[in-house]
Amino acid sequence: MAAAGGLLLRAAESPAAAAPETLSGPRPAQARRHAEATKRKYRASSEAPPAKRRSAVVFLPAKRAAAEEAQRTFKGKAQKTFSPNESLVGVSGKNREQKPCIRTSSLFKNNPEIPELHRPVVKQVQEQVFTSDAFHKLDLHPHLISTINTVLNMTSMTSVQKQSIPVLLEGRDALVRSQTGSGKTLAYCIPVVQSLQAMKSKIQRSDGPYALVLVPTRELALQSFNTVQKLLKPFTWIVPGVLMGGERKKSEKARLRKGINILISTPGRLVDHIKSTKNIHFSRIRWLILDEADRILDLGFEKDITVILNAVNAECQQRQNVLLSATLTEGVTRLADISLLDPVQISVLDQHHGQSDPEQGTLPEVSPLPPDDELDSFAIPGSLDQHVTLVPSKLKLVSLAAFILQKCKFEKDQKMIIFFLSCELVEFYYHLFLRTLPACSGVPASRQPPSASTRFKFLRLHGNMEQEERTAVFEEFSHSKTGILLCTDVAARGLDLPQVTWIVQYNAPSSPAEYIHRIGRTARIGCRGSSLLILAPSEAEYVNSLASHKINVSEIHVEDILSVLTRDGCLKGSRRGTQKSRAAGPQEIRRRATVLQTVFEDYVHSSERRVSWAKKALQSFIRAYATYPRELKHIFHVRSLHLGHVAKSFGLRDAPQNLGVSAVKRRKGNLNRPDLHKKTRGKHRLAEILRSEYSSGIEASVAKVKKQNKHAAPGSQPCRAIRTGRPASAVGKQKQRSPCNGKTQRD
Ligand SMILES: Nc1ncnc2c1ncn2[C@@H]1O[C@H](COP(=O)(O)OP(=O)(O)OP(=O)(O)O)[C@@H](O)[C@H]1O
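Positions within a chain are numbered from 1, following the residues in the order the chain's sequence is written. Residue-level local features of this predicted model are given only where pLDDT is at least 70; pairs of side-chain atoms are given and counted only at 80 or more, and the full residue set underlies all totals for whole chains, interfaces and linings. Heavy atoms throughout the structure, all of them, feed into the side-chain values; hydrogens and water do not.

## Some points on the overall build of the protein chain
Helix and strand definitions here come from DSSP, where helices need a minimum of 4 consecutive H or I residues and strands a minimum of 2 consecutive E residues; each element is numbered from the N-terminal end. Within the protein chain one finds 30 helices and 16 strands. Burial classes: relative accessible area under 20% of the type maximum marks a residue as buried, over 50% as exposed, and values in between as partly exposed (1.4 Å probe, protein chains only). Per-residue burial for the protein chain yields a buried fraction of 60% across its 747 residues. When checking whether two residues touch, look at their non-hydrogen atoms; a contact exists if any pair is within 4.5 Å. Looking at the protein chain alone, contacts between residues at least 24 apart form 79% of all its contacts between residues at least 6 apart. For the area figures, the Shrake-Rupley method with a 1.4 Å probe applies, and any residue is considered shielded solely by the protein chains shown. In the structure as shown, the protein chain presents an accessible area of about 29500 Å², 52% of it carried by carbon and sulfur atoms.

Next up, the structure:
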């Protein structure tokens, strides 16, 4: 990271930093002294330090040139594209033109030193995805086999299918762990369909559910439903159905009344129906499947799961239980111990770490789960290249934009998913990029060739969207060859979105398990894929946290990401200068990054409403940041955020006052005051809820849950565990809860 440190630090060190230079080695001692001095200045004020203004003078020639360029870029090539979104901000282009001269940001000053990344190289856990065994080797109905072959176009089984299907067909409970994108859905769907079609007394629609499949998100419910529906093609008498939040309850009720035999649902929606629909009976349940079991059994769903298990256990005791996930943590295993009857533990994990040969069939028939100390080592697809980059907060926005430009403008057929901490952040960056980046093609949006619009096809997905739009986006991104999906963790679990080439994590996930699921949206079923985790220098230790779970990431230097800007003619501006000064050296990279940042800042500062919109997004980020779990607080702590620098990544020129860090500190102070305790906890809870998608639907659902608790709804008494009859409330106590794990999602 020496080069990056050099680039960033020397800009901050002295006036000479503004002069053209190379990326040769950093001067850490001097830099540290400077950083200390800056820190002292910053402590004195919550705003940007006076040094900032002074350094603005230091940088003036380069900055002025960049500002002029930015103005030209706006007024000349791209102004039309940037015309304000009336519905969003309600200002006219005319107003914007009356704005005073653009002040360009000082991106490369006062940045923290980028630490050397001492990442331990760990041997990742390997799994082999495919086996050479064909489905027809299994004792399945011939029509089911031909459906798998012809409708799903699959002939040979994956490892997890080879191990799970026979065990489940024997009637055993099972706990299944295998890497993301390895075919777990069919591993449970095939045995369910096989067993139900083979029942002696033919299933009637009006019998109601024989199989209940619980999944954490609506999109996953829809996806699993589609798979079941395909498998059921030859068995038309078995009716599948899906219940998910956001759909019309009335029509769901009508479908339930008619009868659904394989019921796929999100927990929240099923609870709604249990409480309000008389027609839902569980007396014939033979299968209870918890897909993404670790998420489903997490705190956010605890109450819902309690209600569901109570309702199911009240009517039926004899059934098969299956728990599946790519990240079976210790907590889930312990839970499985108390809830499953003599379960078979299936793990595809190659005990010899990649030494077995699928052709030789060296996979054991059923591999037990690894011992406890190995359980936290998650398998990652071998075809997935993982990267990390350390980026100072001020450069985060331009770095992400540069990465998008690199992939989507200069490379072909790229399909990218970018994860953010909260719904508000997704909305903010979606609109910001939508209004600014396509303009970097140099042609107004209205006159762009179709290729440009497909290259920059921005989509967003989060829990605050209307269900209709959510489904439309999910379908569109699924079927598209290219595109950039900005999303929360709503898209992290289970979604099978074909041909995704890059996963970008703009904000770090709350746990290594979530990291695994996020990156698992690419490199599925043997395909290649890559991921990029963006961390601030103060967050560098997160890499060690990943390494402790045997997750290996290689570093990309921030200047390598930014260097693509020198390829972008649109950021060149029409600056007078020699060819030499335009060479792709560090000075030119800085200049163009400043031009790009100016594009964002101008957009944000073109009206008061946009400024307050950006401030709200910043506020949401700080709230969300405050909810990282306790065990990660030493890495992600609001106190380590420099508000002025973070503000830059929202296109804000100055740090807003009375926001975030100081406010959070004040709230912490309140903890000692019992009279304020309740109120503070409420706020903390809200922040926690805002943390990710599993928060969606937020306030309403929290209020609803509170109300329900107050009125002690029937079925909310402690329930029985999945099978053993132990109170399910004990289930919750088994697990160490962290605020961040308590993502509340009543989808
Ligand atoms: N035997 C098979 N042959 C070829 N493709 C398969 C096979 N089984 C499943 N697939 C495909 O692999 C992809 C991933 O499957 P699936 O979504 O079930 O993975 P998963 O293990 O549940 O992943 P995650 O842990 O992310 O939920 C899907 O597109 C599915 O159609």
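Resuming the write-up.
## Thoughts on the sheet that holds strand S8 (residues 320-325)
The pairing criterion is simple: DSSP has to find at least two bridges between the two strands. Across the sheet, which stays open at both edges, the seven strands sit in the order S5-S6-S4-S7-S8-S3-S9 with parallel pairing between neighbours. Edge positions in the open sheet fall to strand S5 (240-243) and strand S9 (344-347), since each of these has one partner strand only. Pairs of neighbouring strands in the sheet enclose a mean axial angle of 15°, with direction left out of account. Structural elements are reduced to axes, namely lines fitted to C-alpha atoms, with helices fitted over the stretch in contact, and the angle between N-to-C directions of any two is expressed from 0 to 180 degrees. Lying on the sheet, helix H11 (residues 249-258) is in contact with S5 and strand S6 (262-265); it crosses S5 at an angle near 150°.

## What about the side chain of Ser530?
In this fold, Ser530 is placed in strand S15 (residues 529-535). The contacts of Ser530, once residues within four sequence positions are left out, are Leu384, Asp385, Thr501, Trp502, Ile503 and Thr522.

## Let's talk about unusual backbone geometry
Of note in this structure, Asp342 is not a glycine but carries a positive phi near 40°. Mapped onto the fold, Asp342 is located in the loop between helix H15 (330-339) and S9. Overall, the relative accessible area of 56% leaves Asp342 in the exposed class. Positive phi, normally seen in glycine, also occurs at Ile525, with a value near 45°. By the secondary structure assignment, Ile525 is in the loop between helix H21 (512-519) and S15.

## Some details on the pairing of strand S4 (residues 211-214)
The alternating pattern of S4 places Ala211 and Val213 and Leu212 and Leu214 on opposite faces, both of which are buried. Looking at chain direction, S4 and S6 are connected through four bridges and run parallel. Its bridge partner lying in S6, Val213 is registered against Ile264.

## Topic: the pattern of salt bridges
Salt bridges are defined as contacts in which a side-chain nitrogen from Lys or Arg sits within 4 Å of a carboxyl oxygen from Asp or Glu. This model, assessed by the stated rule, comprises 22 salt bridges. The salt bridge partner of Arg470 is Glu219, with a shortest N-O separation of 2.8 Å. Linking Arg470 in helix H20 (residues 467-479) with Glu219 in helix H10 (residues 218-231), this pair joins segments that are 251 residues apart in sequence. What makes Arg470 buried here is its relative accessible area of 0%. Judged by relative accessible area, Glu219 falls into the buried class, the value being 1%. Between Arg493 and Glu514 there is a salt bridge; the shortest N-O distance is 2.7 Å. One end of the pair, Arg493, is in the loop between strand S13 (483-487) and strand S14 (502-505); the other, Glu514, is in helix H21, and 21 residues separate them in sequence. The exposure classification of Arg493 matches that of Glu514, with both residues buried. What you see here is one network of salt bridges that share partners, running through Glu292, Asp294, Arg295, Asp298, Arg493 and Glu514.

## Some remarks on the environment of Ala626
For Ala626, the position within the fold is in the loop between helix H25 (608-625) and helix H26 (643-648). Taking the C-alpha atoms as reference, Ala626 lies 6.5 Å from His637; in sequence the two are eleven residues apart.

## Here we look at the packing of H11 against helix H12 (residues 267-276)
The contact between H11 and H12 brings their axes to 12 Å, and the two run at 70°. As far as their axial angle goes, H12 and H11 are roughly perpendicular. The two elements H11 and H12 cross, and the hand of that crossing is right-handed. Residues Lys249, Glu252, Lys253 and Leu256 of H11 pack against Arg269, Asp272, His273 and Ser276 of H12. Gly is placed with the polar residues, together with every amino acid not listed as nonpolar (Ala, Val, Leu, Ile, Met, Phe, Trp, Tyr, Cys and Pro) or charged (Asp, Glu, Lys and Arg). Its residues assigned to classes, the contact of H11 with H12 comprises one nonpolar, two polar and five charged. Angular relationships are summarised with four words: roughly parallel below 35 degrees, roughly antiparallel beyond 145, roughly perpendicular across 65 to 115, and oblique for the angles in between. Helix crossings get a hand from a simple test, with the near helix turned counterclockwise from the far one by less than a right angle marking a left-handed crossing and a clockwise turn marking a right-handed one.

## A look at the nonpolar core
Counting 89 residues, the largest nonpolar core has Ile404, Ile418, Tyr429, Phe433, Leu486, Tyr542 and Phe650 as the members making the most contacts within it. Looking at which element gives the most residues to this core, the answer is helix H17 (residues 393-410), with ten residues. We define the nonpolar core as a collection of buried residues of types Ala, Val, Leu, Ile, Met, Phe, Trp, Tyr and Cys that are connected through side-chain atoms lying within 4.5 Å of one another. Residues Ala211, Phe235, Leu459 and Cys487 belong to the second largest nonpolar core, which totals 64 residues.

## Some details on empty space enclosed by the protein
In this analysis the probe radius is 1.4 Å and the grid spacing 1 Å, with only protein atoms considered; a cavity is a set of points the probe fits into but cannot get out of, a pocket is an open set with protein on both sides within 12 Å along at least five of seven lines, and lining residues have an atom within 4 Å of a point. Grid points are joined across faces, edges and corners, and a volume is the space filled by probe spheres set on the points. Throughout the structure, instances matching the rule amount to seven cavities of 30 Å³ or more. Considering only enclosed or pocket space, the largest cavity measures out at about 150 Å³ in volume. Every residue lining the largest cavity is counted, 18 residues in all, and those nearest its centre are Lys396, Asn507, Glu539, Phe621 and Tyr625. Listing elements by their share of the lining of the largest cavity, those giving two or more residues are H17, helix H18 (423-436) and H25. Here the lining of the largest cavity is built from residues that sort into 13 nonpolar, three polar and two charged. The start and end points of each domain follow an automatic or database-based domain assignment. Inspection of the lining of the largest cavity shows a minimum of three residues originating in each of domain 3 (384-561) and domain 4 (629-737).

## So, the site of the ligand
Neighbouring the ligand are 21 residues, the closest being Gln161, Gly181, Lys184, Thr185 and Asp496. One of the side-chain nitrogen or oxygen atoms of Lys184 is found 2.7 Å away from an oxygen atom of the ligand. With respect to the ligand, the side chain of Arg521 contributes an N or O atom lying 2.8 Å from an oxygen atom. A total of 640 Å² of accessible area belongs to the ligand in isolation, and the protein chains cover 86% of it. Counting residues per element, the ones that place at least two in the shell around the ligand are strand S2 (156-158) and helix H9 (184-197). Residue classes in the shell around the ligand are distributed as six nonpolar, ten polar and five charged. Here the shell around the ligand gathers at least three residues from each of two domains, domain 2 (130-375) and domain 3 (384-561). Consider each residue's heavy atoms; a residue with any of them within 4 Å of a molecule or strand counts as near. Distance and chemistry together define a polar contact, namely a pair of N or O atoms within 3.5 Å, with one atom able to donate a hydrogen and the other to accept it when in protein, and with adjacent residues in sequence counting only for side-chain atoms on both sides.

## Brief notes about the packing of aromatic side chains
Aromatic pairs are defined between Phe, Tyr and Trp rings, using the six-membered ring for Trp, whenever the two ring centres lie within 6.5 Å; interplanar angles under 30 degrees are classed as stacked, those over 60 as edge-to-face, and all others as tilted. With the rule as written, the count across this model stands at 20 aromatic pairs. Where Phe235 meets Trp237, the ring centres are 5.8 Å apart and the plane angle is 80°; that geometry is what we call edge-to-face. Take Phe235: its relative accessible area is 1%, and that puts it in the buried class. Judged by relative accessible area, Trp237 falls into the partly exposed class, the value being 25%. Ring geometry for Tyr429 versus Phe650: centroids 5.6 Å apart, planes at 45°, classification tilted. Of this pair, Tyr429 sits in helix H18 while Phe650 is found in the loop between H26 and helix H27 (661-670), placing the two residues 221 residues apart along the sequence. Look at Tyr429 and you get buried, because its relative accessible area is 1%. Classification of Phe650 as buried rests on a relative accessible area of 2%. For a Lys NZ or an Arg CZ to count as sitting over a ring, it must be within 6 Å of the ring centre and within 35 degrees of the ring normal. Positioned above the aromatic ring of Tyr506 is the side chain of Lys396, whose terminal nitrogen or guanidinium carbon lies 4.5 Å from the ring centre.

## Re the packing of H17 against helix H24 (residues 586-604)
Between H17 and H24, whose axes approach to 10 Å, the crossing angle comes to 100°. When the interaxial angle is binned, H17 and H24 end up roughly perpendicular. In this structure, H17 uses Lys394, Leu397, Val398, Ala401, Ala402 and Leu405 to contact H24, whose residues at the interface are Ala593, Leu596, Gln597 and Phe600. A breakdown of the residues in the contact of H17 with H24 according to their chemical character gives eight nonpolar, one polar and one charged.

## Let's talk about the sheet that holds S15
With respect to topology, seven strands assemble into an open sheet ordered S12-S13-S11-S14-S15-S10-S16, the strand pairing being parallel. Each of the sheet's edge strands pairs with one partner strand only, and the pair in question is strand S12 (458-461) and strand S16 (554-555). Bridge count for strand S11 (residues 415-419) against S14 is four bridges, and the pairing is parallel. From the neighbouring strand, Phe419 faces S14, where its bridge partner is Gln505.

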